[in-house]
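Tertiary structure, described
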Amino acid sequence: MKNRVPNPPTSVNTEEGFAVPLAMGMGAIVLLVGLSMIIRSQNDRVIAIEQSQATSSYAVAEGGMARSLGYLNGNYQPFLQYSYDPIKVGGKTYLGPDGISNNGDEETTAVDQWTNLPNPPPCFDPSGFASVLLRGVIGPGAVNNYKLLAYRYNSGQGTLLIKGSEVNPKATTILQQKMAILPQTANTSANFPGLLATDINLDNNDVLGTVSGNVICTNLANCSIPNNSTNCVNGQPTLPALLNAIGAGPNGVVQGRIYVRSVTWPPLPTAPAGTLSLGIISDNMTLPRPGDTPDSSGKYNYSVSKIDLKGTETLTINTTGTPPTPVNLFVSGDITMSGSAGIRHASPDAGNFRIYGNPMDPSNSTPDQTFVINGGASSTNVFIYAPDADIGINGGSSDPDLSGAIWAKTWHLNVGSSSNNAEISVPDDMPQQVADLYTNNFVIGSQTASVTTWQKRPDPEAN
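Note that the structure is predicted; figures quoted are calculated from it, not measured. (Residues numbered from 1 in each chain as written. Predicted model: local features only at pLDDT ≥ 70, side-chain atom pairs only at ≥ 80, totals over all residues. Heavy atoms only, no water.)

1. Let's talk about the overall build of the chain
- Within the chain, the regular secondary structure consists of 5 helices and 27 strands.
- When contacts within the chain are restricted to residue pairs at least 6 apart in sequence, those whose partners lie at least 24 apart make up 68%. (Helix = DSSP H or I, 4+ residues; strand = E, 2+ residues; numbered from the N terminus. Contact = heavy atoms within 4.5 Å.)

2. Comments concerning the layout of surface pockets
- Its volume calculated, the largest pocket comes out at about 590 Å³.
- In terms of lining residues, the largest pocket is bounded by 29 residues, among which Gln77, Pro78, Arg261, Ser262 and Ile444 are the most central.
- Of all elements in the fold, only strand S12 (236–237), strand S14 (258–260) and strand S27 (443–457) reach the threshold of two or more residues within the lining of the largest pocket.
- When grouped by side-chain class, the residues that make up the lining of the largest pocket number 16 nonpolar, 11 polar and 2 charged.
- Estimated volume of the second largest pocket: approximately 180 Å³.
- Taken together, Thr198, Asp199, Asn219, Asn222, Met360, Asp361, Pro362, Asn364, Ser365, Lys409, Thr410 and Leu413 make up the lining of the second largest pocket. (1 Å grid on protein atoms, 1.4 Å probe; cavity = no way out; pocket = protein on both sides within 12 Å on 5 of 7 lines; lining within 4 Å. Points joined across faces, edges and corners; volume = space filled by probe spheres on them. Nonpolar A, V, L, I, M, F, W, Y, C, P; charged D, E, K, R; others polar.)

3. Describing the pattern of salt bridges
- In the structure shown here, the tally under the stated rule is 9 salt bridges.
- Of the charged contacts in the structure, one is a salt bridge between Lys163 and Glu461, with a shortest N-O distance of 2.7 Å. Placement of Lys163 in strand S5 (residues 157–165) and of Glu461 in the segment after S27 is noted, with a sequence separation of 298 residues between them.
- Of the residues examined, Lys163 reaches a relative accessible area of 12% and is grouped as buried.
- Of the charged contacts, one joins Asp292 and Arg289 as a salt bridge, the two residues approaching to 3.0 Å between their closest N and O atoms.
- Residue class for Asp292 comes out buried when judged on its relative accessible area of 13%.
- In the salt-bridge network here, residues are joined through shared partners; they are Lys147, Lys163, Asp459 and Glu461. (Salt bridge = Lys/Arg side-chain N within 4 Å of Asp/Glu carboxyl O. Buried < 20%, exposed > 50% of the residue type's maximum accessible area, 1.4 Å probe, protein only.)

4. What to know about the state of the cysteines
- This model, assessed by the stated rule, comprises 2 disulfides.
- A sulfur-sulfur distance of 2.0 Å marks the disulfide that ties Cys123 to Cys232. Judged by the sign of its S-S torsion, about -75°, the bond between Cys123 and Cys232 is left-handed. Taken together, the residues Cys123 in the loop between strand S2 (111–112) and helix H2 (130–134) and Cys232 in strand S11 (residues 232–233) connect sequence positions 109 residues apart. Just as Cys123 is buried, Cys232 falls in that class too.
- With a sulfur-sulfur separation of 1.9 Å, Cys217 is cross-linked through a disulfide to Cys223. (Disulfide = S-S within 2.5 Å.)

Here is the structure:
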């Protein structure tokens, strides 16, 4: 009988005892890693969304800043010298007198000079301007919104506070910009008025000159623009509304800009000592006459009580010479011409021949002088400043009838012709030709200039 040798014990049960916990541990690790990656991915997604929304809100705030500045440099330019700082959540203003948000000097009383603005621009509606100027939408849809929170003006400096936001209320950007506020002076071509008057009936007359051929009506009541959806779009007057305000007919042309705004006229020059008296001019005459003496600056100054020319009678102005010999007429009465009579200045420099009328009579809206300028057979190159005169071109037979500029109380109110042949052509350099008259004192509005500070600020509405 053979002895049976027992088989050696196997380790299967022992290995199985270790494998199960190991597999479960590895599974738990994989699960934790997976959960960690999912959580991290979710966090990354949230961060990416927040960064995207923050970037979007920043772009919205920048767009809102640009659009607000566009309005304030356009039809709403009078607002630039007044403050708007309402009460925020918490009971205080946004900026305060120093023009810095969250700086501790905010008031408990709102500052609102915009709603009751003196001499508001056309198309301004104090009950509805908030929807135009104080808020808007940047980008497609209605999700990218901006708000003009506040604006402060102080001693030639303006501070604008804009809030841009995305869908997420937490995604907001506050931009604060401080900038210089400068006057819009007439010594630049875009601001220079080739035709300036308190009331304008352009009819079919033309004001030519794409650079300086601008028209400014300074009395908003006379050149009214009814505030409705036809005349006003986004708080700005349309071109047809502006043309209608100055009485332009179907063939009337203005090649420059049209402004309807209150301005302060520059001082009217008066006849200096030594001015030569001519009395009434009613016959052919050439100025300067032999023997006439210019003033110390080389100008010939004449006082005239009236100009009355008929038939072919002509007042000829000769300013040729080296240097030129400028001629100034200080006219206290009317200028009337009939037939082919005219005033003719052969030199193309209209600034060398000027006609000055009487000062404006603020107590009487009716002009006290009438100037009827005939085109005649040749162009009249002249600058006319007669703030109490009604001026018009009678007929019109030259091309143009008058080269230069006219500043008057009224244009073509009772005198002159509605002919489409009546033209004022304003030279490109007309502001330079008469710059000595007003230098920087003739201001037609305000404009933003260099930015002094630009920064992101905490959200004042989150306090």
